[in-house]
Amino acid sequence: MLTLDQIRAFVAVAEELHFGRAADRLRMTQPPLSRHIQKLERVIGVTLLERDNRRVVLTDAGRGFLEDARRMLSLVDTAGDRARRIASGAAGTVRLGFTAVSAISMLGALLRRLSERLPEIDVILHERVTAGQVDGLLRGELDLGLARPPFDIDTLDSRVVFREPLCAAVPLGHPLAELGRPLAPDDFDGLPVISYNPVQSRYFHELTVRFLTNAHPRIEQQVHQILTAVLLVAAGRGVALAPASARSLGVDGIAFCDLVRGGGDPLDGEAGNGEPVELHVIWSRDSTNPALARVLELLPDLEAG
């Protein structure tokens, strides 16, 4: 079995080509140094050094092994520092969940910030809807998520990192796009509306229902994702409410219209501030990943303000 003492002994002798100088360098006597070399050669099964009373010469095998031995010692020398950096959170890996629209609103800026401030932290991305992110956190498959509320799990922590208005996606040339003003709930009376699944997309389902409470639209279809709703609008199947960041999805045949109060309810505190759509960062309270805390430090905390 190879030992670090044997490898260090070999490197010293191979670089000095003299047992006496190598022993002085390692602060040991020559007999134990010679035994290290002999044991190393027995373990490897080849002669690494040719030696007699006058000189020491590396064999071809010895020259090849010297390169690997230096790499091994370099790795050992840096391993401790890397372990300390991982323990402090300055290095390591964070597995980040995100939704398609959260990627538009925040993911790019977050990744650039992490690359600049914490270059030794590797971020592994997982695109999942909010329910999938919650499940991933509970299973230990994710460290962090960019997701939509609510989060009815006692073992998860969350905070708001981004807010934006709600808007309406309508087909190009639709009468709503020609009004030239923010749309009110009454403007949707009798119109076909593409809404969201009340279980899989509970958050946007509730935002849509809240804004259209006093209107009488026709709910044509319920979908799971923002992109699907926007694509159906482009296909002429109806209109939909979506976060303002959906404007950046780049879907042709769509016009985006502002809503009164940004789609917020004036009777509902924060939701009436013109930016009712919230993006949260979520993580497990039981996480033992030191890098997670460092990443959280770089994220905005809108609740603290």
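Above this text is the structure in question.
Not measured: the values here are computed from a predicted model. (Residues numbered from 1 in each chain as written. Predicted model: local features only at pLDDT ≥ 70, side-chain atom pairs only at ≥ 80, totals over all residues. Heavy atoms only, no water.)

Novice: For this particular structure, what's the right way to read the overall build of the chain?
Specialist: Each helix and strand in the chain was counted, giving nine helices and twelve strands. With the C-alpha coordinates of the chain rotated into their principal frame, the extents come out at 105 × 35 × 30 Å. Out of the 305 residues in the chain, the part that is buried amounts to 43%. Intrachain contacts of the chain at a sequence separation of at least 6 include 72% that bridge at least 24 residues. (Helix = DSSP H or I, 4+ residues; strand = E, 2+ residues; numbered from the N terminus. Buried < 20%, exposed > 50% of the residue type's maximum accessible area, 1.4 Å probe, protein only. Contact = heavy atoms within 4.5 Å.)

Novice: Would you take a moment to explain the packing of helix α1 (residues 4-16) against helix α2 (residues 19-26) for this structure?
Specialist: Geometrically, a packed helix pair is captured by the angle between its two axes and the distance between the axes. Running from N to C, α1 and α2 point in directions that differ by 130 degrees, and their axes come no closer than 8 Å. As summarised for this structure, α1 and α2 are arranged oblique, according to the angle between their axes. Considering how the two elements wind past one another, α1 and α2 form a crossing that is right-handed. For the pair formed by α1 and α2, the contact residues are R8, A9, V11, A12, V13, E15 and E16 on the first element and F19, R21, A22, R25 and L26 on the second. (Axes fitted to C-alpha atoms, helices over the stretch in contact; angles between N-to-C directions. Parallel < 35°, antiparallel > 145°, perpendicular 65-115°, else oblique. Left-handed = near helix turned anticlockwise from the far one by under 90°.)

Novice: Just to check I follow, could you spell out the environment of D157 for this structure?
Specialist: You can see D157 is positioned in strand β6 (residues 156-164). For D157, a relative accessible area of 27% puts it in the partly exposed group. Sequence separation of D157 and D77 is 80 residues, and the distance between their C-alpha atoms is 38 Å. Residues within four places of D157 in sequence aside, it is in contact with V281, I282, W283 and R285.

Novice: It is not clear to me how helix α7 (residues 202-211) should be interpreted in this structure. Could you clarify?
Specialist: Side chains that are three or four residues apart share a direction in an α-helix, a result of its 3.6 residues per turn. Of all the residues in α7, the buried ones are Y203, F204, H205, L207, T208 and F211. Tucked into the core, α7 has its buried residues touching β7 (166-171), β8 (192-196), β9 (218-223), α8 (226-234), β10 (240-243) and β12 (277-284).

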